[in-house]
Amino acid sequence: MSKKTRDILILALAAAVLLDIVLAVVLLSGSTSDTRLSDTLVSYSRNDVSSARTAATQLSRTGGSYTTQLLGDMKQYLYGLDQINLLSQALLGRQLYSQTTIDAAMTAIGQCETKTLAGQAMDEPLAALWTQINALEQQAAALTN
């Protein structure tokens, strides 16, 4: 499968997940309070952060065998987190996560991809990615339901 096809599939999957989240939000917002909506968004976002952590852990252990796939997976989870942040801002008037942290994590993933394609070690961008994932985990832990 080519990189372009894989990227398109990842984006399509992310869009499908986003549509599921939007559907859940619409269904919940029509019959429940902002608290329940917030709880749902927090739950989905914590799942994305946890999944990104799992992919990052696998990335550091693979030695390159599934690096491209894991980086794509991480992009998907962070894209989902970004979309949840946008929904939260639009529906609740506040972001759940620092947009700067999400953007920095996406930048680090891009740098990892560049290093991987060039056949270079990705120690530096991977360390930056871990820093951002840790920051997102701290933000997730601080969220109240």
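Remember, predicted model here, so these are calculated numbers, not experimental data.

Visitor: Tell me what's going on with the overall build of the chain, and back it up with residues and numbers.
Guide: Along its length, the chain carries five helices and zero strands. Along the chain, helices and strands appear, N-terminal first, in the series α-α-α-α-α. Reported as C-alpha extents along the three principal axes, the dimensions of the chain are approximately 50 × 30 × 20 Å. Out of the 145 residues belonging to the chain, those deemed buried represent 38%. Taking the intrachain contacts of the chain between residues at least 6 apart in sequence as the baseline, contacts between residues at least 24 apart amount to 69%.

Visitor: Residues and numbers for the packing of helix H4 (residues 99–117) against helix H5 (residues 123–142), please.
Guide: The interhelical angle for the contact between H4 and H5, taken along N-to-C directions, is 155°, at an axis separation of 8 Å. Relative to H5, the element H4 is oriented roughly antiparallel. Here the hand of the crossing between H4 and H5 comes out left-handed. On H5, the residues touching Thr101, Ile102, Ala104, Ala105, Ala108, Ile109, Gln111, Cys112 and Lys115 of H4 are Pro125, Leu126, Ala128, Leu129, Gln132, Ala135, Leu136 and Gln139. Broken down by class, the residue content of the contact of H4 with H5 amounts to 12 nonpolar, four polar and one charged.

Visitor: Outline the pattern of salt bridges, supporting the account with residue identities and numerical values.
Guide: In the structure shown here, the tally under the stated rule is two salt bridges. Between Glu137 and Arg53 there is a salt bridge whose closest N-O contact spans 2.5 Å. Highlighted residues: Glu137 in helix H5 and Arg53 in helix H2 (residues 34–62), separated in sequence by 84 residues. A relative accessible area of 18% means that Arg53 is categorised as buried.

Visitor: Residue-level account of the side chain of Asp82, with values.
Guide: In this fold, Asp82 is placed in helix H3 (residues 67–92). At 13 Å, Lys75 is the nearest oppositely charged side chain to Asp82, a buried residue that forms no salt bridge. A distance of 3.4 Å separates the side chain of Asp82 from the side chain of Gln83, its partner in a polar contact. Here the side chain of Asp82 touches Gln99 through a polar contact of 2.7 Å, side chain to side chain. Excluding residues within four positions of it along the chain, Asp82 makes contact with Gln99 and Ile102.

Visitor: Residues and numbers for the nonpolar core, please.
Guide: By size, the foremost hydrophobic cluster in this structure holds 32 residues, and its most contacted members are Leu41, Leu59, Met74, Tyr97 and Leu129. Looking at this core, the elements that each hand over two or more residues are helix H1 (3–31), H2, H3, H4 and H5. The element best represented in this core is H2, accounting for eight residues. When residues no more than four places from it in sequence are discounted, the contact partners of Leu41 are Ile21, Val25, Ile84, Leu87, Ser88, Leu92 and Leu96.

Visitor: Kindly report on the packing of H3 against H4, identifying the contributing residues and their values.
Guide: Close contact between H3 and H4 brings their axes to 10 Å; oriented N to C, the two are set at 160°. By the angle between their directions, the pair H3 and H4 is classed as roughly antiparallel. The crossing of H3 and H4 is left-handed. Of the residues in H4, those touching H3 at Thr67, Thr68, Leu71, Met74, Lys75, Leu78, Leu81, Asp82 and Asn85 are Gln99, Ile102, Ala105, Met106, Ile109, Cys112, Glu113 and Thr116. Split into classes, the residues belonging to the contact of H3 with H4 amount to nine nonpolar, five polar and three charged.

Scoring rules and cut-offs
Positions within a chain are numbered from 1, following the residues in the order the chain's sequence is written. Reporting of local features is limited, given that this is a predicted model, to residues whose pLDDT is at least 70; pairs of side-chain atoms are given and counted only at 80 or more, and all residues count toward the totals for whole chains, interfaces and linings. Based on all heavy atoms of the structure, the side-chain values leave hydrogens and waters out of the count. Only runs of H or I of at least four residues qualify as helices and only runs of E of at least two qualify as strands under DSSP, and these elements are numbered from the N terminus. Accessibility here uses a 1.4 Å probe with only protein chains present; expressed as a share of the type maximum, an area under 20% marks a residue as buried, one over 50% as exposed, and anything in between as partly exposed. By definition in these notes, contact holds between two residues if any of their heavy atoms fall within 4.5 Å. Lines fitted to C-alpha atoms define the axes, with helix axes restricted to the stretch in contact, and inter-axis angles between N-to-C directions lie between 0 and 180 degrees. Here the angle decides the label: under 35 degrees means roughly parallel, over 145 means roughly antiparallel, 65 to 115 means roughly perpendicular, and every other value means oblique. A crossing counts as left-handed when the near helix is turned anticlockwise from the far one by less than a right angle, and as right-handed when that turn is clockwise. Classification convention: Asp, Glu, Lys, Arg as charged; Ala, Val, Leu, Ile, Met, Phe, Trp, Tyr, Cys, Pro as nonpolar; all other residues, Gly among them, as polar. Any carboxyl oxygen of Asp or Glu within 4 Å of a side-chain nitrogen of Lys or Arg constitutes a salt bridge here. None of His or the chain ends enter the tally, which takes Lys and Arg as positive and Asp and Glu as negative. Distance and chemistry together define a polar contact, namely a pair of N or O atoms within 3.5 Å, with one atom able to donate a hydrogen and the other to accept it when in protein, and with adjacent residues in sequence counting only for side-chain atoms on both sides. As used in this record, nonpolar core signifies buried Ala, Val, Leu, Ile, Met, Phe, Trp, Tyr and Cys residues forming a set joined through side-chain atoms within 4.5 Å.

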